[in-house]
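Structural features, examined
Each chain, written out:
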Amino acid sequence: MIFSIIIPTFNEEEYLPILLESIKKQKFDDYEVIIADANSTDRTREIAEEYGCIITEGGMPAVGRNNGAKIAKGEILLFLDSDLKLTDDYLRDVLYEFQMERLGIAITQMKPLSKKSEDELLHKLANYFMISVERIKPHGAGCYGIIVKKELHEKGGGFDESLTFGEDSDYIERLGKIERFKVLRHAKIGVSTRRLEEEGIETLVRQYGKSTFNDFVGKKTNAEDLNYNFGHGKENMSTKELEKFSKKSERITRAFDKYDKSTEKINTAKSYLKRINKPKNRKRKIVFYCVCGEGMGHAIRSGVIIDRIKEKYDVYVFSHDRAYQYLNEKFDNVYEIGGFNTVYIDNKVSNSKTFLSALKRNPSNLRAGYRELYKKARSLSPDVIVTDFEMYATIVSKLLQIPLISLDNIHMITQTKIDYPSHHQTDMLKAKGVIKSYVVNPKFHILTSFFFPKIKFGKNAVIYPPVIREEILKLKPTNGDHIVVYQTSKESINLVQRLKTLDEKFIVYGFNKDEVDENLTYKSFNEDEFYDDLASSKAVVCNGGFTFISEAISLKKPIYSVPAQGNFEQILNGYYVKKLGYGEYHENMSARKLSNFLERLDRYQNKLNKTKTYNNDGIIRELEYRIEKYSREK
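As a starting point, this report considers the structure included with it. (Residues numbered from 1 in each chain as written. Predicted model: local features only at pLDDT ≥ 70, side-chain atom pairs only at ≥ 80, totals over all residues. Heavy atoms only, no water.)

Side note on the overall build of the protein
Here is the rule we go by: A helix here means a DSSP run of H or I that spans at least four residues, while a strand means a run of E at least two residues long, and both kinds are numbered starting from the N terminus. Only protein chains enter the accessibility calculation, which uses a 1.4 Å probe; a residue is then buried when its area is under 20% of its type maximum, exposed when over 50%, and partly exposed in between. Any two residues whose heavy atoms approach within 4.5 Å at even a single point are treated as in contact. The method behind every accessible area is Shrake-Rupley, applied with a 1.4 Å probe, and residues are considered shielded solely by the protein chains displayed.
Within the protein, the regular secondary structure consists of 26 helices and 22 strands. A buried classification covers 53% of the 634 residues belonging to the protein. Taking the contacts inside the protein whose residues are at least 6 apart along the sequence as the reference set, 70% of them involve residues at least 24 apart. Carbon and sulfur atoms provide 49% of the accessible area of the protein, an area that totals close to 30,400 Å².

Here is the structure:
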């Protein structure tokens, strides 16, 4: 069960049916409703029974909530006051945002069950305040939808039953220190204004103002200090109180009107550059997807993702070299920009030649980047830019203030606590420097990886399994008599030649030629043929390319990895292949080592057979969620 909805009650026959009816009308049914009743003397319990609720003994709110949690079966607890009303799709909206943001505890924003402008303004102010302090001091203005993982509730000791007031804010603050807290942005809950009507705005402002101040200075507040009682009487305000309340409301309304007009002018001036040339009434969001052109891994992964999101968004693709050629054959609106490629000599990164190549190509790269990417961004005003390790995306994002989302595997090096061979620390530091210069301060990092270290504290990142082509996912692997060799560096010919000494059949990809050389069969890249060869192989030999290794793992093929020397990303991938037991990682190729590897295939095969194969749905949902989230923030 997903939700256990827990509602403390005392004489709530007037309001409880409204809440229960709104729960019943939700387009979501994986929940239970628990009423923790404090010996009501009206029809509260009878109403709860009519709606099929579970009833347990209550007391003061903290006692009732804890009692309800003790018998709850749901993974997530949703604590509600009895005078609320769920908005349409509230439960689905809450669950989606709660899970996508990886929260331990959250609260929802308030929407008054009143059409009075002063009520709307006051609740907007309360929502704004809760959002503004969510990172400083987790805070909730009443129990208007507290969502918490049950295990966190138990870990935090539940609500403090010794408190007679502010037990909800105390609860939020304590649990918010253990796991991540947030005010949900999409889900809102209908809130009764009965206390405002019964007690008057001055009383409530005084009560909640004093209690909030006490919270921030670390002082507990008692109900007696505020003349606050659990439950509500039916008394009406006097004529004098009504007049006083009306005058106060009018002053607040005028103040907010003045504030709104001044804010509108400021926002208009600040957002001028953002809105320039932006089409009016655009029905679909525009996404710029920028892809690194080195190798084929970035292009293959991006192709899978673009194919999934293009039905929902207008996607414009920017890349260079082989990635541009690959993507241009698959999609419309693909544009060629400049880029840099690493130069290899005999499977080793040549820093000097890579640098000289970059200097030589930089003028033309800048012209192409300006002509295709910058000018189109000015013209089309994309809602977000997604970058798969493409450097010009960062520049355009910063110049035009367009939200940037990073989706790649290489940022595992900067965002997570990786293990790696200690003698490659220099390579690691070099890689970090390059990676940080390519993609600068995106809104969020979506990482894709076949290994899952912890994300560093304070990083806005999440890890998903590798993006695998749908054609690969559909394959049924068999165990043939050949070994697939995949090398992305053409300078690795000397490495491949050593395979001739072995009595094995090798099919070699990566050299863009079709010929047979003894036991080596070279093939130009053809997706259909490549799929068949890979699926029917008994093992693979590769450098440390992430996409190929990921596809080999998906098809459960033992891996012999010889990363390009000096390429830390490849070294890291090969290292984790060995660490996870999927094959071997060596820093140089030798016939003897490869022969020994082939003798141990059963060991690696048994490990791979236990791995789970994932589809791409999770990372697609994550990307679409981030596109919607950061587009709204523009």
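Right, picking up where we left off after that structure.
Some remarks on helix H14 (residues 321–328)
Worth spelling out the cut-off: Note: the arc covers the axis-to-C-beta directions of the helix.
Among all positions in H14, only Ala323, Tyr324, Tyr326 and Leu327 are buried. Buried residues of H14, seen end-on, are gathered within an arc of 165 degrees and therefore sit on one face of the element. Looking at the packing, one finds that the buried side of H14 touches strand E9 (286–291), helix H13 (297–309), strand E10 (314–319), strand E11 (334–336) and helix H21 (527–535).

Some words on the sheet that holds strand E22 (residues 583–585)
For the record, the criterion: Being paired, for any two strands, means DSSP has found at least two bridges between them. Only the stretch in contact is used when a helix axis is fitted, and all axes are lines through C-alpha atoms; the angle between N-to-C directions ranges over 0 to 180 degrees.
The seven strands are arranged E18-E19-E17-E16-E20-E21-E22 in an open sheet whose pairing can be described as mixed. Sheet topology places strand E18 (515–517) and E22 at the edges, where each strand pairs with a single neighbour. Going across the sheet, the axis of each strand differs from the next one's by a mean of 20 degrees, ignoring polarity. In terms of strand pairing, strand E21 (residues 559–561) meets E22 through three bridges, oriented parallel. Paired with Ser561 across the bridge in E22 is Tyr585. On the sheet, helix H23 (residues 568–579) packs against E21 and E22 and is oriented at approximately 140 degrees with respect to E22.

A few points about the sheet that holds E10
Judged by pairing direction, the sheet is parallel, and its seven strands sit side by side in the order E11-E10-E9-E12-E13-E14-E15 without closing on themselves. Single-partner strands in this sheet number two, and they are E11 and strand E15 (461–464). Between one strand axis and the next, the sheet turns by 20 degrees as a mean value, whatever way the strands run. Strands E9, E10, strand E12 (384–388), strand E13 (404–408) and strand E14 (444–448) of the sheet are contacted by H13, whose axis makes an angle of about 165 degrees with E9.

Some points on the nonpolar core
The test is simple: Side-chain atoms within 4.5 Å are what join buried Ala, Val, Leu, Ile, Met, Phe, Trp, Tyr and Cys residues into a set we call a nonpolar core.
Judged by nonpolar contacts, the single largest core of 93 residues is most densely connected at Phe288, Tyr289, Phe450 and Leu623. Leaving out residues up to four positions away in the same chain, Phe450 has contacts with Pro466, Phe546, Ile549, Ser550, Ile553, Asn573, Tyr576, Val577, Leu580 and Tyr582. Formed by 52 residues, the second largest nonpolar core is a distinct cluster that contains Phe3, Ile35, Leu78 and Met130.

Describing the environment of Tyr326
Structurally, Tyr326 is set in helix H14. Expressed as a C-alpha distance, the spacing of Tyr326 and Met296, which sit 30 residues apart in the sequence, is 8.3 Å. Among all residues touching Tyr326, those that are not within four sequence positions of it are Met296, Ala299, Ile300, Arg469 and Glu527.

Some remarks on the pairing of E12
E12 sits mainly inside the fold: five of its five residues count as buried. Residues of E12 alternate between two faces, with Val384, Val386 and Asp388 on one and Ile385 and Thr387 on the opposite face, all of them buried. The pairing of E9 with E12 spans five bridges and is classified as parallel. Each residue of the ladder has a partner; that of Val287, found in E12, is Val384. As paired elements, E12 and E13 share three bridges and run parallel to each other. Note on E13: the bridge partner recorded for Val386 is Ile405.

Some points on unusual backbone geometry
Even without glycine at this site, Asn39 takes up a positive phi of about 60 degrees. Structurally, the position occupied by Asn39 is in the loop between strand E2 (31–37) and helix H2 (44–50). You will see that Phe389, though not glycine, has its phi angle at about 55 degrees, which is positive. Examined against the element boundaries, Phe389 turns out to sit in the loop between E12 and helix H16 (391–400). You can call Phe389 buried: its relative accessible area is 7%.

Topic: the packing of H13 against helix H22 (residues 546–554)
The condition that has to hold: Here the word oblique covers every angle except those under 35 degrees (roughly parallel), over 145 (roughly antiparallel) and from 65 to 115 (roughly perpendicular). Just so you know the grouping, Ala, Val, Leu, Ile, Met, Phe, Trp, Tyr, Cys and Pro go in nonpolar, Asp, Glu, Lys and Arg go in charged, and all remaining residues, Gly too, go in polar.
Interhelical geometry of H13 versus H22 gives an angle of 60 degrees and a closest axis separation of 8 Å. Viewed along their axes, H13 and H22 adopt a mutual orientation that is oblique. Between H13, through Gly297, Ile300 and Arg301, and H22, the contact on the second element is made entirely by Phe546, Thr547 and Glu551. Of the residues belonging to the contact of H13 with H22, the class tally is two nonpolar, two polar and two charged.

Details of H23
Note the threshold: The length a helix should cover is 1.5 Å for every residue beyond the first.
Its twelve residues give H23 an end-to-end C-alpha distance of 16 Å, which sits within 8% of 16 Å, the value for a rise of 1.5 Å per residue. Among the twelve residues in H23, nine count as buried, and that is most of the element. Phe568, Glu569, Gln570, Ile571, Leu572, Asn573, Gly574, Tyr576 and Val577 are the residues of H23 that are buried. Contacts from the buried residues of H23 go to helix H17 (412–415), helix H18 (425–438), H22, E21 and E22.

Side note on the packing of aromatic side chains
Selection rule: For Phe, Tyr and Trp, rings pair up if their centres lie within 6.5 Å, where Trp contributes its six-membered ring, and each pair is then called stacked (planes under 30 degrees apart), edge-to-face (over 60) or tilted (otherwise).
In this structure the tally under the stated criterion is 23 aromatic pairs. Between Phe389 and Tyr438 the ring centres are 4.6 Å apart and the planes differ by 15 degrees, which places this aromatic pair in the stacked class. One end of the pair, Phe389, is in the loop between E12 and H16; the other, Tyr438, is in helix H18, and 49 residues separate them in sequence. According to the relative accessible area criterion, Tyr438 is buried, its value standing at 16%. Centroid distance Phe450 to Phe546: 6.1 Å. Interplanar angle 20 degrees. Geometry classified as stacked. Taken together, the residues Phe450 in the loop between E14 and E15 and Phe546 in helix H22 connect sequence positions 96 residues apart. Among the residues examined, Phe546 registers a relative accessible area of 6% and is labelled buried. Ring pairs connect the aromatic residues Phe450, Phe451, Phe546, Tyr575 and Tyr576, which therefore count as one cluster.

Some words on the layout of surface pockets
Let me state the cut-off plainly: Points on a 1 Å grid, built from protein atoms alone, make a cavity when a 1.4 Å probe fits but cannot get out and make a pocket when they are open with protein on both sides within 12 Å along at least 5 of 7 lines; residues with an atom within 4 Å of a point are the lining residues. Grid points are joined across faces, edges and corners, and a volume is the space filled by probe spheres set on the points.
There is about 1,500 Å³ of room inside the second largest pocket. Taken together, 42 residues make up the lining of the second largest pocket; nearest its centre are Arg135, Arg180, Gly458, Lys459 and Asn460. Going through the elements one at a time, helix H7 (167–176), strand E8 (181–191), H16, E15 and helix H26 (617–632) are the ones with two or more residues in the lining of the second largest pocket. Its residues assigned to classes, the lining of the second largest pocket comprises 14 nonpolar, six polar and 22 charged.

So, the side chain of Asn573
Here Asn573 shows up in helix H23. Beyond its immediate sequence surroundings of up to four residues, Asn573 is in contact with Phe450, Phe451, Gly544, Gly545, Phe546 and Ile549.

A look at the pattern of salt bridges
Let me state the cut-off plainly: Each reported salt bridge corresponds to a side-chain nitrogen of Lys or Arg within 4 Å of a carboxyl oxygen of Asp or Glu.
Under the criterion given, the structure shown has 36 salt bridges. Across the pair Arg626 and Glu101 runs a salt bridge, and its minimum N-O distance is 3.4 Å. Separated by 525 residues along the polypeptide, Arg626 in helix H26 and Glu101 in the loop between helix H4 (90–100) and strand E6 (105–112) bring together distant segments of the chain. Residues Arg626 and Glu101 agree in their burial class; the two are buried. Through salt bridges that share partners, Glu101, Arg102, Arg180, Lys182, Glu622, Arg626 and Lys629 make up one connected network.

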